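# Structural characterization, general
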Amino acid sequence: MSTTYYGTLDNPTPGISVQPGQVFPTDRQGTLVEIDALPAGASVDNIFYFNSPTAGKFLQRVIDGVIRATQCGVYPGSDQTSKLQTAFNNAGIKLIVLDNPEGSAITINGTLTIPSGKVLAFKNGNKLEGTGTIKGKISADECANILSPTLNLNEVESELGYLPAAWFGVAGDGITENTAAFNKIKANVKHNLVQFSFPKGSDILFNGSIDFLYAKTFRVMPGVRFTGDGNLIQVIFDAGYTQEIFGPVMDVLYPRSVTGMVSVKWYGCKGDGVTNDNSAMVRAIGVANSRFMDIFVPAGSYLLTGSDINVYGAYSKKFIFESGAKFTGTVLIKQVIIQADYNAQIADTSVYFSDPKPYAGLFSVRWYGALGNDSNNDTEAVNKANLVLAERGKLYFPRGIYRLDGALINNEVVGDGRTTTLKAWDSNTQVVFKVGRHIVSTDTGLRSIENFVVDGSNVAIGLQFNNGGVNDMYAGRWRFRDIVFSQCIRSIDKPTGNSMNIFDGCAFIGSASTDYHYYAQDLPAMHAGLDKFFNCRFFGSRKAAAYINDTEGGGTRFQDCVFEYNYGFTIFIKKGGVKHHVLPVVIDNCWMEGNASGSVNGFPVDINGEIFTTPFDYYFEECNAVKLQNTTMCRIKLVKSAVFADTVSYGYQPGKVVEKDADSLFVEKTKFGWNMTDSGAYLEDKIAYASETGGARFRSTFPAGFTGKNIPGVLFAHKLDTLSGFTHGGAFDMSLQQDGELTNSCIEISNVTASGYITPTAYTPTVGKYIVAAIGMKLISGPQAYMIDNNSSILLAQTSTIGQWEYFYTILKLQGAGTRTLYVDAARNAGSTFRISCLMYVEFNTHQAAVEFVKKNIFPGPLTFQNSIRTVTANYSPVPDDETILVNTNSGNVTISYNTTMNTKIRNIVNIGTSGNQVTVLPSSGTINGSPSAVIADGLSLRLQSNLTDIYSF
């Protein structure tokens, strides 16, 4: 049975031989257990085995894995290799601690091999010295100097997983030269990672030259810097991006970084906005160039003045800006890839990036200080960003409202959709932004500008083609996508020509200040045409949705577009390619609604210096070739122009009016009606028709001298010259009026406040028959007259032309029993007064028979016009019925006193005298063409029309 002893060996049980100074078993140094015999190979070493007080027995020290070196008999002085080795060979020992309180140096001149799984630990400043070799794992504070450079440390292994540089004698005092210690670090084969951990402010002096062959990674902790004029070659560095790790003359050749990035602060950049960081920046870039590393710029303001900074390497590396990093000064930085937060400013406008390339292809205008906060003038920042980009990416406007005053753009542009707005700077802004010539002028391809809103704030042009006054006519070849132009006096302005632009999916939204959405002229020279509009919407212009004056190119195209409530002209084109006869103007598959009404600003309208008193949807002057196809056909005027209309619709507008001079040609091929679904046959005489499932409107002016005809199949014909025979429901007035143009009276409808109907009681239609419904309509005042067939909801008649009788045809099919009712819609007829006359219903057994009836151009009756020609020989005041006034001046001068507010009828006044006397026309109010009167010499005439305020001649 064994005996366990406790206590200190300085006062042991009698008979035990001890070594003076040993303390046992305190501080976890083990216990003594009596054993009968020593293990094989063991001896009484007075460390682990002792003689027992019992004769023939021994005491064994039982260790729990940790032992102090002094308990192993290890002391300063002679070589302690054997004692430490013996201790490590003991199976019970895992950790030996060198912890002499006085910081002893233990000599090792042999080879000390620390077995796998065991550790030699250092405390209290203890260290190893000598000329021996240390192999195995050690543990110490990472800032402790524990291994003499005279030892062989090639196979020393750190319990930390990396080699602390201080263990090898590296000093951070800025005085001790560390080449020998660095050589020891290089020779170590157990670790690739070396950590330099010293108190902040430590400088590691190195004057040597060592090539580490990328076998070592130096992890440099904050506050540690390499100084001296040495050369660290092919080292991999790992350090925080905000610290300086190299002194001003330290040479670092072909370094690498664990992140692939070099921080500019590693090489001395301060980023304090005061220190000139130019030379440090050049040094950092040079190092990065040597191994194609990216350049990281931590937050700070970097003042750069002096020599240019050239980032060589054909855009092989990036400047990566941390949020808050910005360059100031006047430096030129060449050939750099930029990576930064799109919302951060990275440079003052005084810093110039020469041919930069944005990393992700987008160069943010905010990088140069644009704020997009709806209050700052961002023009200078945008101009600088545009200037430096030089078509090496797209100019990017992140979400925000950017106030601009004529910013010039030569690069592709992209925004964040409806969250990005380019807005007029103030009330004095003339243009929000301009597009110029491509910077790469030899490239003829289209560049894109897309995905944002342009707000003219009712004072400015939205977009102007302008190259800053240099070759403005070449500021073209752009593709505009998904842009909303809002509240611009002109959405697009092309004052000097250019060509080959495409507008795709753009919206042009007008306001009370919008004269034109698209304004293009080719003065002094160059094409204004050749622009294409696809899937665009034009809304709310006051003078013209599109104005084009183009003597050279022609070729303008509007396809799949919508034109709505443009109160002046819709499309106004002069000289559409007349000079070179290049390409036709094409209007294809476009929708027209509510245009050319003049209901906002009224007429006359000034179109670039020309006064027009009558609105037209289409106006073509000196246009050699215009093609209307698959689109809405409405009011059109031709002056020395040729228009070819193919498959056009009369389905929604108030009908067709073609006004052309003797030098114009209008050729119409196929036309169709509202809700038409039947493929139908080609109508050789160009009369429209309708399918069985819908209706169509055909409009014509009343023919002069009209008389009734005996028409087979007529079931109902009424001149509407009496109120009897009709039921009337709804909140509107219905009265008989003498029109003046008709021999019979007619029904006038006014004060429409609620929708209602007018139903002829004498007509009951036949189910299944095809019915041609016809009615005459004249708008007296208001925006429009509008009437539908209530039983089928098919439009019967609609007009916005004041003072002109028009006749409408519609083909219907009665699917069930019922009556035919004229429906007066309150919303569409609000504020209007109009007259109706000559209602007729004709039934046919087949659709083709109804169409053939329409083709014969037969009008119901009786309906005749009064003679409106009057001859006078003395002063005269025209009455409402007058149309042509023949003035005989042979007896003397004659004055025609014209009542300006009478109506808007067009009147001809002809001086038929031969004695040299004249006719003077005096308006009751206003002017005639801006003058107080007009004079007509004998043999001449004047055609006049009043807008109820002034009188105009034409």
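Just above sits the structure.
Now for a quick tour of the structure. (Residues numbered from 1 in each chain as written. Predicted model: local features only at pLDDT ≥ 70, side-chain atom pairs only at ≥ 80, totals over all residues. Heavy atoms only, no water.)

### A short note on helix α3 (residues 278–290)
- Taking 1.5 Å as the rise per residue, α3 with 13 residues should run 18 Å; its terminal C-alpha atoms sit 19 Å apart, in good agreement.
- Turning to α3, its buried residues number three or more, namely Asn278, Ala280, Met281, Arg283, Ala284, Ile285, Val287, Ala288 and Asn289.
- One or two residues past the end of α3 sits Phe292, with phi positive at roughly 55 degrees. (Helix = DSSP H or I, 4+ residues; strand = E, 2+ residues; numbered from the N terminus. Expected span 1.5 Å × (residues − 1). Buried < 20%, exposed > 50% of the residue type's maximum accessible area, 1.4 Å probe, protein only.)

### Things to note about the pairing of strand β62 (residues 636–639)
- As defined by bridge partners, strand β60 (residues 618–621) adjoins β62 across four bridges and the pair is classed as parallel. When the bridges of β62 are listed, Phe620 appears paired with Leu638.
- Of the pairings in the sheet, the one linking β62 to strand β65 (residues 658–660) comprises three bridges and is parallel in character. Residue pairing for β65: Leu638 is matched across the bridge by Lys660. (Pairing = 2+ DSSP bridges.)

### Structural notes on the environment of Val249
- Along the polypeptide, Val249 turns up in the loop between β21 (236–239) and β22 (251–253).
- Owing to a relative accessible area of 55%, Val249 belongs among the exposed residues under this scheme.
- Sequence separation between Val249 and Thr227 is 22 residues; the distance between their C-alpha atoms is 7.3 Å.

### Digging into the sheet that holds strand β83 (residues 934–936)
- One open sheet holds the three strands; their spatial order is β80-β82-β83, and the pairing between them is mixed. The open sheet terminates on both sides in strands that have one partner only, identified here as β80 (894–898) and β83. On average, adjacent strands in this sheet sit at an angle of 25 degrees to one another, irrespective of strand direction.
- Direction of pairing for β80 relative to strand β82 (residues 919–923): parallel, over a ladder of five bridges. Each residue of the ladder has a partner; that of Thr895, found in β82, is Thr920. (Axes fitted to C-alpha atoms, helices over the stretch in contact; angles between N-to-C directions.)

### A short note on the pattern of salt bridges
- In this structure the tally under the stated criterion is 22 salt bridges.
- A salt bridge links Glu155 to Lys135; the nearest nitrogen and oxygen atoms lie 3.7 Å apart. Taken together, the residues Glu155 in strand β12 (residues 152–158) and Lys135 in strand β11 (residues 133–139) connect sequence positions 20 residues apart.
- For Glu155, a relative accessible area of 32% gives the class partly exposed.
- In this structure, Lys318 engages Asp294 in a salt bridge whose closest nitrogen and oxygen atoms are separated by 2.9 Å. Linking Lys318 in strand β29 (residues 318–321) with Asp294 in strand β26 (residues 294–297), this pair joins segments that are 24 residues apart in sequence. (Salt bridge = Lys/Arg side-chain N within 4 Å of Asp/Glu carboxyl O.)

### A look at the sheet that holds strand β31 (residues 332–334)
- Here we have three strands laid out as an open sheet, ordered β28-β31-β33, and parallel in their pairing. Two strands lie at the open edges of the sheet, namely β28 (309–310) and β33 (352–354), each paired on one side alone.
- By the bridge criterion, two bridges tie β28 to β31 in an arrangement that is parallel. Residue Ile309 lies in a different strand from β31, and its bridge partner there is Ile333.

### Some words on the packing of aromatic side chains
- Tallied over the entire structure, the rule returns 53 aromatic pairs.
- Considering the side-chain rings of Tyr342 and Trp367, the 6.0 Å spacing of their centres and the 20 degrees angle between planes classify their relative orientation as stacked. Highlighted residues: Tyr342 in the loop between β32 (337–339) and β33 and Trp367 in the loop between β35 (362–364) and β36 (373–377), separated in sequence by 25 residues.
- Residue Trp367 is classed as buried on the basis of its relative accessible area, which comes to 1%.
- Seen from their ring centres, Phe397 and Tyr402 are 5.2 Å apart, and the 85 degrees between their planes marks the pair as edge-to-face. Residue Phe397 shares its accessibility class with Tyr402, and that shared class is buried.
- The structure contains a cluster of three or more aromatic residues connected by ring pairs, namely Tyr302, Phe319, Phe321, Phe327, Tyr342, Phe353, Phe363, Trp367, Tyr368 and Tyr396.
- Sitting over the ring of Tyr519, Arg490 keeps its end group 3.6 Å from the ring centre. (Phe/Tyr/Trp six-rings, centres within 6.5 Å; stacked < 30°, edge-to-face > 60°. Lys NZ or Arg CZ within 6 Å of the ring centre and 35° of its normal.)

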